[in-house]
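Single-letter residue listing:
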Amino acid sequence: MAIFNSRELNRPVHSTELAQLSPQDLELLRAELFDCIEGINKSLSEVKDFTDKHGYPHDEDWLHRAKKKLRICMQFAVKIEAFNTGTPITYKE
């Protein structure tokens, strides 16, 4: 069970409770997740460019945390998109 600490909703959201959120809360969470995904991807790109340019090694712990948060955000975003389209989501998806 994944947990996302939402600033927009001002509380942690469990992946299992997405179905109980109102459409307005789902939209707020979706927008926040997309912003977060965009920000993480930008940061990962900047770190890679800096590392390539200057040859300094990146911080493995930070990279691991960023990629983990990115995976969690993507999982939540996929589930919300499935709710919006009415497509049932399976475990494999």
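Residues numbered from 1 in each chain as written. Predicted model: local features only at pLDDT ≥ 70, side-chain atom pairs only at ≥ 80, totals over all residues. Heavy atoms only, no water.

Trainee: Any chance you could explain the overall build of the protein chain here in plain terms?
Mentor: The number of helices and strands found in the protein chain is two helices and two strands. The order of α-helices and β-strands along the protein chain, N terminus first, is β-β-α-α. Relative to a compact globule of 93 residues, whose C-alpha radius of gyration would be 12 Å, the protein chain shows 15 Å and is clearly more extended. Oriented by its inertia axes, the alpha-carbon framework of the protein chain measures out at about 50 × 30 × 20 Å. Classification of the 93 residues of the protein chain by burial places 29% in the buried group. Within the protein chain, contacts between residues at least 6 apart in sequence are counted, and of these 53% link residues at least 24 apart. Accessible surface, the protein chain: about 6900 Å² in total, of which carbon and sulfur atoms supply 54%. Averaging the locations of the 13 positively and 15 negatively charged side chains of the protein chain gives two centres separated by 4 Å. (Helix = DSSP H or I, 4+ residues; strand = E, 2+ residues; numbered from the N terminus. Rg over C-alpha atoms; globule rule 2.2 N^0.38 Å. Buried < 20%, exposed > 50% of the residue type's maximum accessible area, 1.4 Å probe, protein only. Contact = heavy atoms within 4.5 Å. Areas by Shrake-Rupley, 256 points an atom, 1.4 Å probe, with all protein chains shown as cover. Lys, Arg positive; Asp, Glu negative; His and termini not counted. Charge placed at Lys NZ, Arg CZ, Asp CG, Glu CD.)

Trainee: Would you mind showing me how to read the packing of aromatic side chains here?
Mentor: Each aromatic ring pair is summarised here by two numbers: the centre-to-centre distance and the angle between the ring planes. Applying the stated rule across the entire model yields two aromatic pairs. Where phenylalanine 50 meets tyrosine 56, the ring centres are 6.0 Å apart and the plane angle is 15°; that geometry is what we call stacked. The lysine or arginine in question, arginine 30, covers the ring of phenylalanine 34, its NZ or CZ lying 4.9 Å from the ring centre. (Phe/Tyr/Trp six-rings, centres within 6.5 Å; stacked < 30°, edge-to-face > 60°. Lys NZ or Arg CZ within 6 Å of the ring centre and 35° of its normal.)

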